[in-house]
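Chain and residue survey
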Amino acid sequence: MSSQESAAPALDDVLMAALDIGGTKIAGALVTRDGTLVHRVRRPTPAQGSADTLLDAVHRVLDALAADPRWDTVRALGIGSAGPVDLAHGSVSPVNIPAWRGFPLVAAVGAHPALAHRPVVLAGDAVAMAAAEHRHGAARGHGDALCLVVSTGVGAGLILDGRVRHGLTGNAGHLGHISVDFDGDPCPCGARGCLEGIASGTAITRHALSLGWRPPAAPDASAVATAARAGDPAAVAAFDRAARALAAGIAATAALVEIDLAVIGGGVAQAGEVLFAPLNDHLRRYAAMPFLHHLHAVPAELGPDSGLVGAAALAETATRTPLATGSAIATHAG
């Protein structure tokens, strides 16, 4: 299933509003309970701007959402933001948005006039993706799963015992910054040999170029995937290295918390079998214990809308069970 535009629901249907905030775009949508986007807005992120400039861009997206006649049926707003996040304080510190360090996003967004008396629910963007895939996508029906976004970075969220798990601060499952190479290159996070530095789209492209791959145009992971499908040895090797790193991280996570499924989305997952064939081969080697033999990786189903769908799903859950979720999700009522 993929989320899609459709005919508007009846005005008495409950909707959730959602924001997906990243380093390149701020997306907003009105979302039905079944994960359908009925109205969407998108603006570029002024990532190098001031904190106020960034907040103004978010408010403009909210202005456009609130102008829709169905806004009166919106019960809550869910936000999936690039992280790290801090749910206890409702703040964010996205690595690729320098002006937002410890920025009080929940309070700042909740002050928008259109959100009066509506809760604002915050989650990390990869956790929002996990919520979307668990409710509407490839992890549907699984009580325990790991959902990854593999793109310019590597993020992830955990589903355990049938629930999205945020962790103490909202960053549980942050797989991109576990070390899979003790002697690996330094990572901007301060560690060495991080999974993100090997398996991200940027890392795949960099490694293919180092092995002698010569792109026909601008080099990126999509171009490496095209070359790998054509049998280019450097491109094949770059994807195999990324798949091996992902397998090591996924298998380690599975050994720790006993998941049987890894759902992988993001731009790198669009490579298809160029990624998934070596990934599942390596998983069989790394996930060697008998209780891990069912572990496998599949593509995500919801595509680029997953952050919006998941943010809406988390907001809807919070409005239904505030006592169960309040300690894990920052909320604000305007």
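Note that the coordinates shown come from a computational prediction; the quantities given were computed from them, not determined experimentally.

Describing the sheet that holds strand 12 (residues 296-299)
Spatial strand order, 10-9-8-11-12: 5 strands in an open sheet with mixed pairing. Each of the sheet's edge strands pairs with one partner strand only, and the pair in question is strand 10 (163-165) and strand 12. Here the strands of the sheet are splayed against their neighbours by 30° on average, with no regard to which way each runs. The pairing of strand 8 (residues 145-150) with strand 11 (residues 261-265) spans 4 bridges and is classified as parallel. For Val149, the partnering residue across the bridge sits in strand 11 and is Gly265.

Structural notes on unusual backbone geometry
A cis geometry characterises the amide bond from Gly83 onward to Pro84, with omega recorded as 10°. Along the polypeptide, Pro84 turns up in the loop between strand 4 (74-81) and strand 5 (85-86). Phi angles above zero are rare outside glycine, and His117 is one such case at about 70°. Inspection of the secondary structure assignment puts His117 in the loop between helix 2 (105-110) and strand 7 (119-124). Exposure remark for His117: the relative accessible area of 69% places this residue in the exposed category. One non-glycine residue, Asp161, lies in the positive phi region at around 55°. Secondary-structure assignment places Asp161 in the loop between strand 9 (154-160) and strand 10. Classification of Asp161 by relative accessible area gives exposed; the value is 64%.

So, the pairing of strand 3 (residues 37-44)
For a regular strand, the rule is simple: side chains alternate between the two faces of the sheet. Alignment of strand 2 (residues 25-31) against strand 3, held across 7 bridges, turns out to be antiparallel. For Ala27, the partnering residue across the bridge sits in strand 3 and is Arg42. Once strand 2 ends, the chain turns through 5 residues before running back antiparallel as strand 3, passing Gly35 with a positive phi of about 85°.

Points about the side chain of Asp20
In this fold, Asp20 is placed in strand 1 (residues 15-21). With relative accessibility at 9%, the residue Asp20 sits in the buried group. Here the side chain of Asp20 touches Lys25 through a polar contact of 3.4 Å, side chain to side chain. The contacts of Asp20, once residues within four sequence positions are left out, are Lys25, Ile26, Ala27, Gly80, Asp125, Gly307 and Leu308.

As for the packing of helix 7 (residues 233-257) against helix 8 (residues 273-286)
Running from N to C, helix 7 and helix 8 point in directions that differ by 45°, and their axes come no closer than 8 Å. What the angle tells us is that helix 7 and helix 8 run oblique. Handedness of the helix 7/helix 8 crossing: right-handed. Contacts from Phe239, Asp240, Ala243, Arg244, Leu246, Ala247, Ala248, Ile250 and Ala251 in helix 7 reach Val274, Leu275, Pro278, Leu279, His282, Leu283 and Tyr286 in helix 8.

Rules used throughout
- Residues numbered from 1 in each chain as written.
- Predicted model: local features only at pLDDT ≥ 70, side-chain atom pairs only at ≥ 80, totals over all residues.
- Heavy atoms only, no water.
- Pairing = 2+ DSSP bridges.
- Helix = DSSP H or I, 4+ residues; strand = E, 2+ residues; numbered from the N terminus.
- Axes fitted to C-alpha atoms, helices over the stretch in contact; angles between N-to-C directions.
- Buried < 20%, exposed > 50% of the residue type's maximum accessible area, 1.4 Å probe, protein only.
- Polar contact = N/O pair within 3.5 Å; in protein donor to acceptor, adjacent residues only side chain to side chain.
- Contact = heavy atoms within 4.5 Å.
- Parallel < 35°, antiparallel > 145°, perpendicular 65-115°, else oblique.
- Left-handed = near helix turned anticlockwise from the far one by under 90°.

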